[in-house]
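Listed here are the chains, written in short residue letters.
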Amino acid sequence: MGRAARFRRSAAVAAAAAAVLGGCASTQQPEVERVATAFEDPAGDPETRCDLLTPAALSALEEQASQPCDEAIEDLPLEGGEVESVEVWGGDAQVRLSGDTLFLAETSTGWRVAAAACQPNGEAPYDCEVEP
Amino acid sequence: MTEMKSRGFLRDNGLSLVFGALFVATLVGQAISGTADFNAQQIAEGLEPVSFAEYVTSSSFGVDVMENWQSEYLQFFLFIYATVWLVQLGSTESKKPGEEGKETDKEQKVGRHADEDSPEWAKVGGWRTALFSRSLGTLMAVLFVLTWVASSVAGWAAYNSEQLSRREDPVTWPAYLAEADFWNRSFQNWQSEMLAVGSMAVFSVYLRHRGSSESKPVGVAHAQTGQSG
């Protein structure tokens, strides 16, 4: 095998190792983006949007708002907007939209929103309106 | 000294085979208990448990394996290099005082001092002999670097996953190398390796285990260095 071919193979092995060690995140990105933007879409069906919450986030929202999710969701400050960045690490993800930041978690039924309407809080964790 | 006749593959290689099997068994044990532990945390955070296959391909398992491997290779790398120059009077893990250093070619059976049954690369001289003469320590050093880098990548991914679950921003790899998480994992593994080597070096001076290659013969004096069996 020539030197160039050997180098390419080593680089491919290193990249594969990094992908495995890092948890193969890049393949999940499109689905994470789809869930985040669908949840934040003000024109979306409220029930469909509520289905995109994790069970823990859903019950926390309903308890806090003292009404069913499909009614409470209309009052939430979910500004949405263009996708600015997506980070996927293992079973956790963060999507930054121009108007909001969301955190997602992978469940057996796919990616779901675990926290939304999140504001940065310096060194401390994000302060989120919707979270368990 | 006459060469012992081979007594069959299993008896000739028993030490490697047993430890190879123990390695596989304990790695499987780690995978099983790690899955259970990870899932207990998942449930506590209101998330779903993962399957065994998902856990063993996760960065969480990856970092837990790699951080241990890198410290083992560091231990052997340092120990091999250190025992060239440093001695411990009375220890089986040491050369005798006065023998420090790389020794003569004659003592090492290198080049023209090699025997008929010396390894080929010990006889030929040049870069091959130079490389072969350092091959053990070099391999340990290379494996240490590779596994330490692997543990930093896996650790970075596992750390970022935890960051997100805590509603904090993920970090870049260079930033992770400055994080307490990385150095805490490194140092906690390194301290146990240094303890192990130090303990063996000292204990083997004063204590015995009859028949073990790691021990001096029971009746040999404490001050006798470098003998074993």
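Residues numbered from 1 in each chain as written. Chains lettered and ligands numbered in written order. Predicted model: local features only at pLDDT ≥ 70, side-chain atom pairs only at ≥ 80, totals over all residues.

1. Some points on the overall build of chain B
Next up, step 1: For chain B, the count of helices and strands is 10 helices and zero strands.
Next up, step 2: Written out in order from the N terminus, the α and β elements of chain B read α-α-α-α-α-α-α-α-α-α.
Next up, step 3: The C-alpha radius of gyration computed for chain B amounts to 23 Å, which surpasses the reference 17 Å derived for 229 residues by more than 25%, pointing to a less compact arrangement than a globule.
Next up, step 4: With respect to the principal axes defined by its C-alpha atoms, chain B has extents near 65 × 40 × 35 Å.
Next up, step 5: Of the contacts made within chain B by residues no fewer than 6 positions apart, 53% connect residues no fewer than 24 positions apart. (Helix = DSSP H or I, 4+ residues; strand = E, 2+ residues; numbered from the N terminus. Rg over C-alpha atoms; globule rule 2.2 N^0.38 Å. Contact = placed C-beta atoms within 7 Å.)

2. A short note on the interface of chain A and chain B
Interfaces are often sized by the amount of accessible area the parts lose when they come together.
Next up, step 1: At the interface, 23 residues of chain A touch 19 residues of chain B.
Next up, step 2: Residue assignment for the side of chain A that touches chain B shows that the elements contributing at least two residues are α1 (3-22), β1 (83-89), β2 (92-97), β3 (101-107), β4 (110-121) and β5 (124-130) of chain A.
Next up, step 3: Looking at the side of chain A that touches chain B residue by residue, the classes come out as 14 nonpolar, seven polar and two charged. (Nonpolar A, V, L, I, M, F, W, Y, C, P; charged D, E, K, R; others polar.)

3. Some remarks on the pairing of β2 of chain A
Residues and elements named next belong to chain A.
Next up, step 1: Counting buried positions along β2 yields five of six residues, so the element is predominantly enclosed.
Next up, step 2: The pairing of β1 with β2 spans six bridges and is classified as antiparallel. The residue of β2 that forms the bridge with W89 is D92.
Next up, step 3: Hairpin connection from β1 to β2: two residues lie between these consecutive antiparallel strands, with G90 at a positive phi of about 60°.
Next up, step 4: As judged from the five bridges shared by β2 and β3, these two strands associate in the antiparallel manner. Within β3, the residue paired with A93 across the bridge is L104.
Next up, step 5: Once β2 ends, the chain turns through three residues before running back antiparallel as β3. (Buried ≥ 20, exposed ≤ 12 C-beta atoms within 10 Å, placed from the backbone. Pairing = 2+ DSSP bridges.)

4. Things to note about the domain arrangement of chain B
Next up, step 1: Here chain B is partitioned into domain 1 (10-57) and domain 2 (70-101 + 141-229).
Next up, step 2: With centres defined by C-alpha atoms, the gap from domain 1 of chain B to domain 2 of chain B works out at 23 Å. (Domains from an automatic or database assignment.)

5. Focus: the sheet that holds β4 of chain A
All names here are of chain A.
Next up, step 1: With antiparallel pairing, the five strands of this open sheet are ordered in space as β1-β2-β3-β4-β5. Each edge of the sheet is formed by a strand with only one pairing partner; in this case those strands are β1 and β5. When strand polarity is set aside, the average angle formed by the axes of neighbouring strands in this sheet is 30°. (Axes fitted to C-alpha atoms, helices over the stretch in contact; angles between N-to-C directions.)

6. Details of the environment of E193 of chain B
All names here are of chain B.
Next up, step 1: By the element assignment, E193 lies in helix α10 (residues 180-206).
Next up, step 2: Residue class for E193 comes out partly exposed when judged on the 19 C-beta atoms lying within 10 Å of it.
Next up, step 3: Taking C-alpha positions, E193 is 8.2 Å from L74, a pair spaced 119 residues apart along the chain.
Next up, step 4: In this view, E193 contacts S71, E72, L74 and Q75; residues no more than four positions away in its chain are not counted.

7. Observations regarding the nonpolar core
Next up, step 1: Of all hydrophobic cores here, the largest spans 42 residues; its most connected members are A36, A57, L102, L104, V113, A115 and A116 of chain A.
Next up, step 2: With eight residues, helix α8 (residues 135-165) of chain B is the largest single contributor of residues to this core.
Next up, step 3: Core analysis: the second largest hydrophobic core is formed by five residues, Y73, F77, M140 and F144 of chain B among them. (Core = buried A, V, L, I, M, F, W, Y, C linked by C-beta atoms within 7 Å.)

8. Structural notes on helix α4 (residues 55-65) of chain A
Residues and elements named next belong to chain A.
Next up, step 1: Considered for burial, the residues of α4 that qualify are A57, L58 and L61. Looking straight down α4, one finds that the buried residues subtend no more than 100° of arc, so they occupy a single side.
Next up, step 2: Against the buried residues of α4 lie α3 (46-51), α5 (69-72), β4 and β5.
Next up, step 3: Count one or two residues on from α4 and you reach S66, which has phi positive near 55°. (Arc of directions from axis to C-beta.)

9. Description of the environment of R167 of chain B
Next up, step 1: Inspection of the secondary structure puts R167 of chain B in the loop between α8 and α9 (173-177).
Next up, step 2: For R167 of chain B, a count of 21 C-beta atoms within 10 Å translates into the label buried.
Next up, step 3: Through-space distance from the C-alpha of R167 of chain B to that of K109 of chain B is 62 Å; in sequence the pair is 58 residues apart.
Next up, step 4: Those residues in contact with R167 of chain B that sit more than four places away from it in its chain are F103, A115, C118, P125, Y126 and C128 of chain A.

10. Notes on α8 of chain B
In an α-helix, one turn spans 3.6 residues, which is why side chains three or four residues apart end up on the same side.
Next up, step 1: With 31 residues, α8 of chain B extends 45 Å from end C-alpha to end C-alpha; this agrees with the ideal 45 Å at 1.5 Å per step.
Next up, step 2: The positive-phi residue at the C-terminal boundary of α8 of chain B is R167 of chain B, with phi of around 65°. (Expected span 1.5 Å × (residues − 1).)

11. Some remarks on the pairing of β3 of chain A
The two faces of a sheet get side chains in turn, since along a regular strand they alternate between them.
All names here are of chain A.
Next up, step 1: Of all seven residues making up β3, six are buried, and the element is well covered by its neighbours.
Next up, step 2: With five bridges joining them, β3 and β4 adopt antiparallel strand pairing. Bridged to A105 within β4 is R112.

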